[in-house]
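For reference, the chains in residue letters:
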Amino acid sequence: MLKEKDLRAVVDQVLREHALVLGGLVARGHVSYEAAWQLIHGLRAGRLRALRRAGKLDSALADVTPHPAISEFLREVGRS
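Anyway, here's the lowdown on the structure attached to this text. (Residues numbered from 1 in each chain as written. Predicted model: local features only at pLDDT ≥ 70, side-chain atom pairs only at ≥ 80, totals over all residues. Heavy atoms only, no water.)

On to the overall build of the protein chain, then. Regarding its fold elements, the protein chain presents three helices and zero strands. Put simply, the protein chain runs from its N terminus to its C terminus through helices and strands in the order α-α-α. Going through the 80 residues of the protein chain one by one, you find that 12% of them count as buried. Within the protein chain, residue pairs in contact and separated by at least 24 positions form 44% of the contacts whose partners lie at least 6 positions apart. Working note: accessible area of the protein chain is about 6,500 Å², and carbon and sulfur atoms make up 61% of it. (Helix = DSSP H or I, 4+ residues; strand = E, 2+ residues; numbered from the N terminus. Buried < 20%, exposed > 50% of the residue type's maximum accessible area, 1.4 Å probe, protein only. Contact = heavy atoms within 4.5 Å. Areas by Shrake-Rupley, 256 points an atom, 1.4 Å probe, with all protein chains shown as cover.)

Here you go:
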């Protein structure tokens with residue numbers, strides 16, 4: 001089992017890569033400034049949920065209901 005420090009490192013590295021991809025899209029004008037803030041907010045919330053589920057972080061952050069398109073995509077991914 002991963003130690004807390006290792007778990008945080010893995011989660012943070014994955015999200016860092018996602019943030020870099022998002023940064024590239026913003027830089028090229030494919031994602032609006034406002035959308036980038038919303039996406040980063042979602043990544044931050046997902047990070048906290050992942051760490052909390054692993055029992056490594058307490059947070060008062062409320063879960064947000066995802067957009068229906070996102071929910072549908074996640075259901076499709078779950079069926080693979």
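Orientation of helix H1 (residues 4-27) relative to helix H2 (residues 33-53), taken along the N-to-C sense of each, is 170 degrees, at an axis distance of 11 Å. Considered as vectors, H1 and H2 are oriented roughly antiparallel to each other. Counting all contacts with H1, which are made through Leu 7, Arg 8, Val 11, Asp 12, Leu 15, His 18, Ala 19, Leu 22 and Val 26, the residues of H2 involved are Ala 36, Leu 39, Ile 40, Leu 43, Arg 47 and Leu 51. For the contact of H1 with H2, a count of residues per class yields 11 nonpolar, one polar and three charged. (Axes fitted to C-alpha atoms, helices over the stretch in contact; angles between N-to-C directions. Parallel < 35°, antiparallel > 145°, perpendicular 65-115°, else oblique. Nonpolar A, V, L, I, M, F, W, Y, C, P; charged D, E, K, R; others polar.)

Glancing now at the packing of aromatic side chains. Scanning the model with the defined rule gives one aromatic pair in all. Their ring planes at 75 degrees and their centres at 6.3 Å tell us that Tyr 33 and Trp 37 sit as a pair that is edge-to-face. On the criterion of helical spacing, the pair formed by Tyr 33 and Trp 37 is a turn pair, its members being four residues apart in helix H2. With respect to burial, Tyr 33 and Trp 37 carry one shared label: exposed. (Phe/Tyr/Trp six-rings, centres within 6.5 Å; stacked < 30°, edge-to-face > 60°.)

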